[in-house]
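The chain contents come next:
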Amino acid sequence: MANLPVWLVPLGVLVLQVMGSTGADRSHYHSSPHLPLDGFGYALLIGGSVALLARRRHPVQTLLGVALATLIYYLRGYVFGPAFVAVVVALVAAVMAGHRKAAWACALGGIGAYLAVAELIGMAPGTDDPGRLTRLLAVERPTLELTVSLAAWVLVVLTGTEVVRFRSEKAAEVRRTRDEEHRRQASEERLRIARELHDVLAHNISMINVQAGVALHLMDQQPELSGTATARTALAAIKEASKEALTEMRSVIGVLRQVGDEAPRTPTAGLERLEDLAGQARTAGLRVHLEIEGERRPLPAGVDLAAFRIVQESLTNVTRHARPGAGADAVTVWIRIGYGEHDVSVRTDDDGRGATLLGENPGGSGIPGMRERAAALDGEFIAGPRPGGGFQVHARLPVNEGGAE
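Right, let's walk through the structure included here.

About the cut-offs
- Residues numbered from 1 in each chain as written.
- Predicted model: local features only at pLDDT ≥ 70, side-chain atom pairs only at ≥ 80, totals over all residues.
- Heavy atoms only, no water.
- Helix = DSSP H or I, 4+ residues; strand = E, 2+ residues; numbered from the N terminus.
- Phe/Tyr/Trp six-rings, centres within 6.5 Å; stacked < 30°, edge-to-face > 60°.
- Buried < 20%, exposed > 50% of the residue type's maximum accessible area, 1.4 Å probe, protein only.
- Salt bridge = Lys/Arg side-chain N within 4 Å of Asp/Glu carboxyl O.
- Expected span 1.5 Å × (residues − 1).
- Patch = residues over 30% accessible without salt bridge, like charges linked within 9 Å, V, L, I, M, F, W, Y side chains within 5 Å.
- Areas by Shrake-Rupley, 256 points an atom, 1.4 Å probe, with all protein chains shown as cover.
- Axes fitted to C-alpha atoms, helices over the stretch in contact; angles between N-to-C directions.
- Parallel < 35°, antiparallel > 145°, perpendicular 65-115°, else oblique.
- Left-handed = near helix turned anticlockwise from the far one by under 90°.
- Contact = heavy atoms within 4.5 Å.
- Nonpolar A, V, L, I, M, F, W, Y, C, P; charged D, E, K, R; others polar.
- Pairing = 2+ DSSP bridges.

Here we come to unusual backbone geometry. For Asp 378, which is not glycine, the phi dihedral falls at a positive 60°. Summarising the element assignment, Asp 378 is placed in the loop between helix 11 (366-376) and strand 4 (380-385).

This paragraph deals with the packing of aromatic side chains. Aromatic ring pairs are described here by two measures, namely the spacing of the ring centres and the angle between the planes. One pass over the structure, following the stated rule, counts four aromatic pairs. Judged by centre distance (5.1 Å) and plane angle (35°), the rings of Tyr 73 and Tyr 78 are tilted. Using a relative accessible area of 1% as the deciding quantity, one classes Tyr 78 as buried. Through a chain of ring-to-ring contacts, the aromatic side chains of Tyr 73, Tyr 74, Tyr 78 and Phe 80 assemble into a single cluster.

The next point concerns the pattern of salt bridges. Pairing between side chains becomes possible if they bear opposite charge and their charged atoms approach one another. Taken as a whole, this structure holds 11 salt bridges when the rule is applied. Ionic pairing is found between Glu 173 and Arg 176, a salt bridge with its closest N-O pair at 2.5 Å. Of this pair, Glu 173 and Arg 176 both sit in helix 7 (residues 144-221), separated by three residues, roughly a single helical turn. Ionic contacts of the salt-bridge type, sharing partners, join the residues Glu 291, Arg 336, Arg 347, Asp 349 and Arg 386 into one network.

In this section: helix 10 (residues 301-321). Turn by turn, an α-helix covers 3.6 residues, leaving residues three or four places apart pointing in a common direction. In a regular helix each residue adds 1.5 Å, so 21 residues correspond to 30 Å; helix 10 covers 30 Å between its end C-alpha atoms and thus fits that length. Counting buried residues along helix 10, 17 of its 21 residues qualify, which places the element largely inside the surrounding structure.

Moving on, we get to a nonpolar patch on the surface. A surface patch of nonpolar side chains, about 800 Å² in accessible area, is lined by Leu 4, Trp 7, Leu 8, Leu 11, Val 15, Met 19, Ile 46, Val 50 and Leu 53. Of all the secondary-structure elements, those providing two or more residues to the nonpolar patch are helix 1 (8-27) and helix 2 (39-51). Residue contributions to the nonpolar patch peak at four residues, all from helix 1. Within the secondary structure, Trp 7 is located in the segment before helix 1. Given a relative accessible area of 48%, Trp 7 falls into the partly exposed group.

Turning our eyes to something else, we now look at the packing of helix 10 against helix 11. Between helix 10 and helix 11, the least distance of the axes is 10 Å, while the angle of their chain directions is 165°. On the basis of their axis angle, the class for helix 10 and helix 11 is roughly antiparallel. In this structure, the crossing between helix 10 and helix 11 has a hand that is left-handed. Residues Leu 305, Ala 306, Arg 309, Ile 310, Glu 313, Ser 314 and Asn 317 of helix 10 form the contact with helix 11, whose participating residues are Gly 366, Ile 367, Met 370 and Arg 373. Residue classes in the contact of helix 10 with helix 11 are distributed as five nonpolar, three polar and three charged.

As summarised here, the arrangement of the five strands in space is 1-2-3-5-4, forming an open sheet in which the pairing is mixed. The sheet is open, and its two edges are formed by strand 1 (287-293) and strand 4, each paired on a single side. Pairs of neighbouring strands in the sheet enclose a mean axial angle of 10°, with direction left out of account. Note: strand 4 against strand 5 (residues 391-398), six bridges, orientation antiparallel. The residue of strand 5 that forms the bridge with Pro 385 is Phe 391. Lying on the sheet, helix 9 (residues 274-283) is in contact with strand 1 and strand 2 (332-339); it crosses strand 1 at an angle near 160°. Running at roughly 155° to strand 4, helix 11 makes contact with strand 4 and strand 5 of the sheet.

Quick look at the structure:
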């Protein structure tokens, strides 16, 4: 109702009260004692309806004004038609606006005032009485039936309104909770996509950078060898890495665009692609040794992706930061994947020289990203220099019972 024009409800109440009371006045003119509707009676009906225009901005004042007009109408002894509709609307508006105490006080006070004045006057229309007040008010003495019906009417109206208000507040709270949950999920999804983009781009572009450096070095220092197998291998690696980066970026962007539910054309990133990852690293000039411990088995998608990305980011960091040690012509990396009964462990070690702790680099997000992936799965993550040189990354990711999901 809050979306309806403010004048629509008062207009409906006005038509209902005026037409209904007029009809009741004519139909009961000879069957029950009451004061015939006159100009003052119509003014009370119209005034109570018009006052409802202010119910949204001034609900309590509107309720008081409408209640007073309705009280005078009935104390005057006019017909008991639908003249109470305006006060019902005003009560509902006050309760829904949060003025519950004022609404209850006004309703109970209005009924008390009506019963008290009616008892005090205690006369039927047409009875001769010289009193000035009784000439103005022609209400009948209230009966027990009237008193009970009035109390029940007010109780039903206010209780019903309280129920509606409670349900509205509960629905609003549910909407707020749902909106907050959607915002939280959207934030987590943005972080997840940011990690995916970082891992995909960092790994492949690092490979491209290294191989482009090799090719340029050959062209600058040994131009006669620019067409040899070494330069060709470097350029082929650049081509393959750039193709891989584009493929994975399209996959992530496709999720962002929510394009259909078609199955992906390329394999999902996971430990099944570990050999391909190791091959790319070897192409970049690293010596990679891959070891699998335990019985290899399918993993839940989140665990499988996290394990793959941790290995990928570790190789990216080695490619970027590590340099061969003394007497070595290439950095050696050992990748160990251990399948336990309730977890899978990922460990990479290298013997290169480089930054003492990559995670301290404020401009990078590789180590923090790996740590976030492990933490999101309630796993453990450690990264730091190895005794004797090099760097080590170790993650343990719990696997839920039931296997792949």
